[in-house]
Amino acid sequence: LGPKPHVGVSWKSPVITPERSPNYTMIDDWAPIFTNRKLSLINLQCGNYQQDLADANKNFNRIIHDFDDLDLYNDLDDVAALSQALDLTISVSTAVAAISAGVAVCVTGAACRISSRCREQSLSRTTQRAHYQWGFEIDRSASFDRADRS
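Rules used in this analysis
What you see as residue numbers is a count from 1 along each chain, following the sequence as written. pLDDT decides what is reported in this predicted model: residues at 70 or higher carry local features, side-chain atom pairs at 80 or more are listed and counted, and totals for whole chains, interfaces and linings draw on all residues regardless. The side-chain numbers reported here are obtained from all heavy atoms of the structure, hydrogens and water having been left aside. Helix and strand definitions follow DSSP, with helices as H or I runs of at least four residues and strands as E runs of at least two, each counted in order from the N terminus. Counting of polar contacts relies on pairs of N or O atoms within 3.5 Å, with two restrictions inside protein: one atom must be capable of donating a hydrogen and the other of accepting it, and residues adjacent in sequence are counted only when both atoms are side-chain atoms. Between buried and exposed lies partly exposed: a residue is buried under 20% and exposed over 50% of the maximum accessible area for its type, with that area taken using a 1.4 Å probe on protein chains only. Strands are labelled as partners when DSSP assigns at least two bridges between them. Only buried Ala, Val, Leu, Ile, Met, Phe, Trp, Tyr and Cys residues count toward a nonpolar core, and they belong to the same one when joined by side-chain atoms within 4.5 Å. Taking the helix axis as origin, the arc is that swept by the directions to the C-beta atoms. Any two residues whose heavy atoms approach within 4.5 Å at even a single point are treated as in contact. Patch rule: a residue counts if its relative accessible area is over 30% and it has no salt bridge; like charges are joined within 9 Å, and nonpolar side chains (Val, Leu, Ile, Met, Phe, Trp, Tyr) within 5 Å. Accessibility throughout is a Shrake-Rupley quantity obtained with a 1.4 Å probe, and a residue counts as covered only by protein chains that appear here. Every case where a carboxyl oxygen of Asp or Glu lies within 4 Å of a side-chain nitrogen of Lys or Arg is listed as a salt bridge. In this tally, Asp and Glu contribute negative charge and Lys and Arg positive charge; neither His nor the terminal groups of the chain are included. All charge positions are set by atom: Lys at NZ, Arg at CZ, Asp at CG, Glu at CD. Between rings of Phe, Tyr and Trp, where Trp is taken as its six-membered ring, a pair exists when centres lie within 6.5 Å; planes separated by under 30 degrees are stacked, by over 60 edge-to-face, and by other angles tilted.

*Asks:* Pulling in residues and values, what's your account of the environment of Asn-74?
*Replies:* Assignment of secondary structure puts Asn-74 in the loop between helix 2 (50-59) and helix 3 (76-84). Along the chain, Asn-74 and Cys-46 lie 28 residues apart, while their C-alpha atoms are 9.2 Å from each other. Separated by 3.0 Å, the side chains of Asn-74 and Asp-71 make a polar contact.

Right, dumping it as structure tokens:
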């Protein structure tokens, strides 16, 4: 899988409705993570993600490791085992974040920074996805070594 740290990624829910869509990212929002060559990336995304993964591998010229034989939607014990083998998980608010945290893996979230224009539109329930700016807050000085975890 490449050098450490091994980082699991999940960018959207397998269930996306118009109401839930603003809570999830597009694959291009992950450029700061996917272009970081110091990370070995492992897919934790389930559902309809194959085209996103192919686009990410092509657009960012890298491999995001995916285990075709692992059912990331139904085999939660296997998802927990894979998550536990990782050094870090970066996820939007999905079961992936909860499972990773449950097996004592460092978890950081993809945080939405909403522009004032978007906030105004949100109040009127006409939010446009294009106004969302996603950011990733990672403590670059953090150690991902399991020995450092309490």
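Now that the structure has been shown, the text picks up again.
*Asks:* Tell me about the pairing of strand 1 (residues 6-10), and name the residues and values.
*Replies:* Most of strand 1 sits out of view: five of its five residues are buried. Every second residue of strand 1 is oriented toward a common face, with His-6, Gly-8 and Ser-10 on one face and Val-7 and Val-9 on the other, all of them buried. In this structure, strand 1 lies alongside strand 2 (residues 40-43), joined through four bridges in parallel fashion. Bridge assignment links His-6 to a residue of strand 2, and that residue is Ser-40. Where strand 1 and strand 3 (residues 88-91) come together, four bridges link them in parallel fashion. Across the sheet, Ser-10 pairs through a bridge with Ser-91, a residue of strand 3.

*Asks:* Describe the nonpolar core, naming the residues involved and giving the relevant values.
*Replies:* If you look at the biggest cluster of nonpolar residues, it comprises 16 residues, and the most contacted ones within it are Val-9, Ile-33, Phe-34 and Leu-41. Where this core is concerned, the elements lending two or more residues are strand 1, helix 1 (31-34), helix 2 and strand 3. Ranked by size, the runner-up nonpolar core spans 13 residues in total, among them Cys-46, Leu-72, Val-79 and Leu-86.

*Asks:* I'd like a description of helix 3, backed by residues and values.
*Replies:* Those residues of helix 3 lying buried are Val-79, Ala-80, Leu-82 and Ser-83. The buried residues of helix 3 all sit within an arc of 165° when viewed along its axis, so they share a single face. Contacts from the buried residues of helix 3 go to strand 2 and helix 4 (95-102).

*Asks:* Which residues make up a negative patch on the surface, and what values do they have?
*Replies:* Together, Asp-68, Asp-69, Asp-71, Asp-75, Asp-77 and Asp-78 give the surface a local cluster of negative charge. By the element assignment, Asp-77 lies in helix 3. Overall, Asp-77 belongs to the exposed group, its relative accessible area being 68%.

*Asks:* Talk me through the side chain of Thr-94; I want residue IDs and the actual numbers.
*Replies:* Inspection of the secondary structure assignment puts Thr-94 in the loop between strand 3 and helix 4. Here Ser-91 takes part through its side chain, which lies 3.2 Å from a polar atom of the side chain of Thr-94. In this structure Thr-94 touches Ser-10, Lys-12, Ser-13 and Tyr-24, once residues within four positions along its chain are discounted.

*Asks:* Would you mind going over the pattern of salt bridges in detail, with residue names and values included?
*Replies:* Going through the model one piece at a time under the given rule, you end up with two salt bridges. Among the ionic pairs, Asp-87 bridges to Lys-4, the shortest N-O distance being 3.7 Å. Highlighted residues: Asp-87 in the loop between helix 3 and strand 3 and Lys-4 in the segment before strand 1, separated in sequence by 83 residues. On the basis of relative accessibility, which here comes to 56%, the residue Lys-4 falls in the exposed class.

*Asks:* Would you mind going over the packing of aromatic side chains in detail, with residue names and values included?
*Replies:* Enumeration according to the criterion identifies two aromatic pairs in this entry. An angle of 25° between the planes, with centres 5.7 Å apart, marks the rings of Trp-30 and Phe-34 as stacked. Both residues of the pair, Trp-30 and Phe-34, belong to the buried class. Plain terms: the ring middles of Phe-34 and Phe-60 are 5.5 Å apart, the flat faces sit at 65° to each other, and that makes the pair edge-to-face. Residue Phe-34 is found in helix 1, and its partner Phe-60 is found in the loop between helix 2 and helix 3; the two are separated by 26 residues along the sequence. Through successive ring pairs, a cluster of aromatic residues spans Trp-30, Phe-34 and Phe-60.

Just distances and angles here, no functional claims.
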